[in-house]
Amino acid sequence: AQAAGVTAGQALGVFLTYPLGLGTWLGFTDAKIGRAGEWVGLDNYRFLWGDDVTRLALFNTLFYTTVASIIKFGLGLWLALLLNKHLPIKAFFRAVVLLPFIIPTALSAIAFWWIYDAQFSVISWTLQRMGLIDRYIDFLGDPWMARFSTIAANVWRGVPFIAICLLAGLQTISPSLYEAAALDGASGWQRFRHVTLPLLTPIIAVVMTFSVLFTFTDFQLIYVLTRGGPLNATHLMATLSFQRAISGGALGEGAALATAMVPFLMAAILFSYFGLQRRAWQQGGSDR
């Protein structure tokens, strides 16, 4: 069993390190599809640093990740607190909340593409029938409208994951802590601030780290919904990397763009690490 575990660990290490190593190497070459590249050093990174589309993709990625993550956390925490209460048919509501997360991303993107369609949008149709607008909204044709539309789709898909994870964390908090706080005269907000939030913080750190990772590297939703348009307004670093490397054939440039995402992902992982360290401190462990 131990030998099998070592073999599985080695295989996992190969499958993890080989793509990362190959991608990093390609980022320092001028490789094209069908042609082995030559070493060019930092030329790809210099080009990307001065490339307006790459800068726009970086802005889009940071904006998309920040706004979507904040909204997902707020809605997810609210849903978790709601589902943690004694509600009738609570199990049914929990199952319904999970539906957006278990639906394939491509299917969700197609559904939102129909919802946002410039001619057949159900949102525009409803608003027009209510007399609130006089013409259909071009959700995916205006740059800023497209950005917020893709964020809304990502929020719809990501909230269930955060809500269920935070709900699991809430159920580990002993009710006696709330009873003691109530006996001390603490209000509902004070119980949330001084009991719920501190004990839930390590879970929030881990959950939000995964949320940021998933959002920052989002590809399927954007690619199916907008292909990065209009005018590159919804291109993320992941989708632009794919476009440059596969559609454009510039493997080295696309690999460099993908490698440039690593420092941001490492920052998110470090955030999770410090959250786990705080958890160890709260449980009486050493905070080393």
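Placed above this text is the structure.
How each quantity is defined
- Each residue is numbered by its place in its chain's sequence as written, counting from 1.
- Restriction of local features to residues with pLDDT of at least 70 applies here, the model being predicted, together with a cutoff of 80 or more for giving and counting side-chain atom pairs; totals for whole chains, interfaces and linings are based on all residues.
- As a rule here, side-chain values come from all non-hydrogen atoms in the structure, and water together with hydrogens is ignored.
- Helix numbers and strand numbers start at the N terminus; a helix is a DSSP run of H or I with at least 4 residues, a strand a run of E with at least 2.
- Accessible area is worked out with a 1.4 Å probe on protein chains only. A residue is then buried under 20% of its type maximum, exposed over 50%, and partly exposed in between.
- Shrake-Rupley sampling with a 1.4 Å probe provides the accessible areas, and residues are treated as covered by the protein chains on show and by no other component.
- The sign given to each residue is positive for Lys and Arg and negative for Asp and Glu; His and the chain ends receive no count.
- To locate a charge, take atom NZ for lysine, CZ for arginine, CG for aspartate or CD for glutamate.
- Exposure above 30% relative accessible area and the lack of any salt bridge qualify a residue for a patch; like charges then connect within 9 Å, and the nonpolar side chains Val, Leu, Ile, Met, Phe, Trp and Tyr within 5 Å.
- In the sections that follow, a salt bridge refers to a side-chain nitrogen of Lys or Arg positioned within 4 Å of a carboxyl oxygen of Asp or Glu.
- Lines fitted to the C-alpha atoms define the axes, with helices restricted to the stretch that makes contact. Angles between their N-to-C directions range from 0 to 180 degrees.
- Should an angle fall under 35 degrees it is called roughly parallel, over 145 degrees roughly antiparallel, and 65 to 115 degrees roughly perpendicular, with every other angle called oblique.
- It is the rotation of the near helix from the far one that decides the hand of a crossing: anticlockwise by less than a right angle makes it left-handed, clockwise makes it right-handed.
- Note that Gly is not counted as nonpolar here; it falls among the polar residues with everything else outside the nonpolar set of Ala, Val, Leu, Ile, Met, Phe, Trp, Tyr, Cys and Pro and the charged set of Asp, Glu, Lys and Arg.
- By nonpolar core is meant a set of buried Ala, Val, Leu, Ile, Met, Phe, Trp, Tyr and Cys residues that side-chain atoms within 4.5 Å join together.
- Contact between two residues is taken to exist if any of their heavy atoms lie within 4.5 Å; hydrogens are not considered.
- Nitrogen and oxygen atoms within 3.5 Å of one another constitute a polar contact, given that in protein one can donate a hydrogen and the other can accept it, and given that sequence-neighbouring residues count only through two side-chain atoms.

Undergrad: Mind showing me how you'd approach the overall build of the protein here?
TA: When helices and strands are tallied, the protein shows 13 helices and zero strands. Its C-alpha atoms give the protein principal-axis dimensions of roughly 70 × 65 × 35 Å. Taking all 288 residues of the protein together, 35% fall into the buried category. Looking at the protein as shown, the accessible area adds up to about 16,600 Å², and 70% of this sits on carbon and sulfur atoms. For the protein, the distance from the average position of its 19 positive side-chain charges to the average position of its 14 negative side-chain charges is 9 Å.

Undergrad: What should I look at first to understand a nonpolar patch on the surface in this one?
TA: Side chains of Ile89, Phe92, Phe93, Val96, Leu99, Phe101 and Ile102 sit close together on the surface and give an oily, nonpolar patch of about 660 Å² of accessible area. Within the secondary structure, Ile89 is located in the loop between helix H3 (52-83) and helix H4 (90-102). Look at Ile89 and you get exposed, because its relative accessible area is 56%.

Undergrad: Whenever I open this one, the pattern of salt bridges confuses me. Can you help?
TA: Overall, the coordinates contain three salt bridges when judged by the stated rule. Between Asp51 and Arg244 there is a salt bridge, with the nearest N and O atoms lying 2.7 Å from each other. Of this pair, Asp51 sits in the loop between helix H2 (43-50) and H3 while Arg244 sits in helix H11 (residues 237-247), and the two are 193 residues apart along the sequence. Considered together, Asp51 and Arg244 belong to a single accessibility category, that of buried residues. Here Glu253 and Arg244 are joined by a salt bridge, their closest N and O atoms 2.4 Å apart.

Undergrad: Even after reading the chapter, I still don't get unusual backbone geometry, so can you show me in this structure?
TA: What is expected of a backbone is that most residues other than glycine have negative phi and most peptide bonds are trans. Note the cis peptide between Gly229 and Pro230, where omega equals -5°. Following the sequence through the fold, Pro230 ends up in the loop between helix H10 (220-225) and H11. At Asn232, a position not held by glycine, the phi torsion is positive, near 65°. Relative to the elements of secondary structure, Asn232 occurs in the loop between H10 and H11. Given a relative accessible area of 27%, Asn232 falls into the partly exposed group.

Undergrad: Hey, could you run me through the packing of H3 against helix H7 (residues 143-170) in this one?
TA: Two numbers describe a pair of packed helices, the interaxial angle and the distance between the axes. Axis separation between H3 and H7 bottoms out at 6 Å; the angle between their running directions is 40°. Taken together, H3 and H7 sit at an angle that is classed as oblique. Where H3 crosses over H7, the two elements pack in a sense that is right-handed. Within the contact of H3 with H7, the residues separate by chemical class into 24 nonpolar, five polar and two charged.

Undergrad: Teacher, can you tell me more about the nonpolar core here?
TA: Nonpolar side chains in soluble globular proteins generally cluster together in the buried interior. Judged by nonpolar contacts, the single largest core of 35 residues is most densely connected at Tyr64, Tyr116, Ile151, Ile162, Leu166, Leu200 and Leu225. Those elements that provide at least two residues to this core are H3, helix H5 (105-115), H7, helix H9 (188-216) and H10. With ten residues, the single largest contributor to this core is H7. Sequence-distant contacts of Ile151, that is, excluding residues within four places in its chain, are made with Phe63, Tyr64, Val67 and Ala68.

Undergrad: In this structure, what is going on with the environment of Ile269? I would like to understand it.
TA: Turning to its location among the elements, Ile269 is positioned in helix H13 (residues 262-282). For Ile269, a relative accessible area of 41% corresponds to the partly exposed category. Sequence separation between Ile269 and Val212 is 57 residues, and the spatial gap between their C-alpha atoms is 9.5 Å.

Undergrad: What's the story with helix H6 (residues 122-129) in this structure? I'm lost.
TA: An α-helix turns once per 3.6 residues; consequently, residues spaced three or four apart project the same way. Here H6 starts with a cap whose side-chain oxygen sits 3.3 Å from the backbone nitrogen of Ile123, and that cap is Ser121. Just past H6, the residue Gly131 takes up positive phi, approximately 80°.

Undergrad: What am I meant to see in the packing of H4 against H7 here?
TA: Across the interface, H4 lies against H7 with an axial gap of 6 Å and an inter-helix angle of 135°. Comparing the axis directions of H4 and H7 gives the class oblique. Pair H4 / H7 crosses with left-handed handedness. Across the interface between the two elements, Arg94, Val97, Leu98, Pro100 and Phe101 from H4 touch Trp156, Arg157, Pro160, Phe161, Ala163, Ile164 and Leu167 from H7. Split into classes, the residues belonging to the contact of H4 with H7 amount to ten nonpolar, no polar and two charged.

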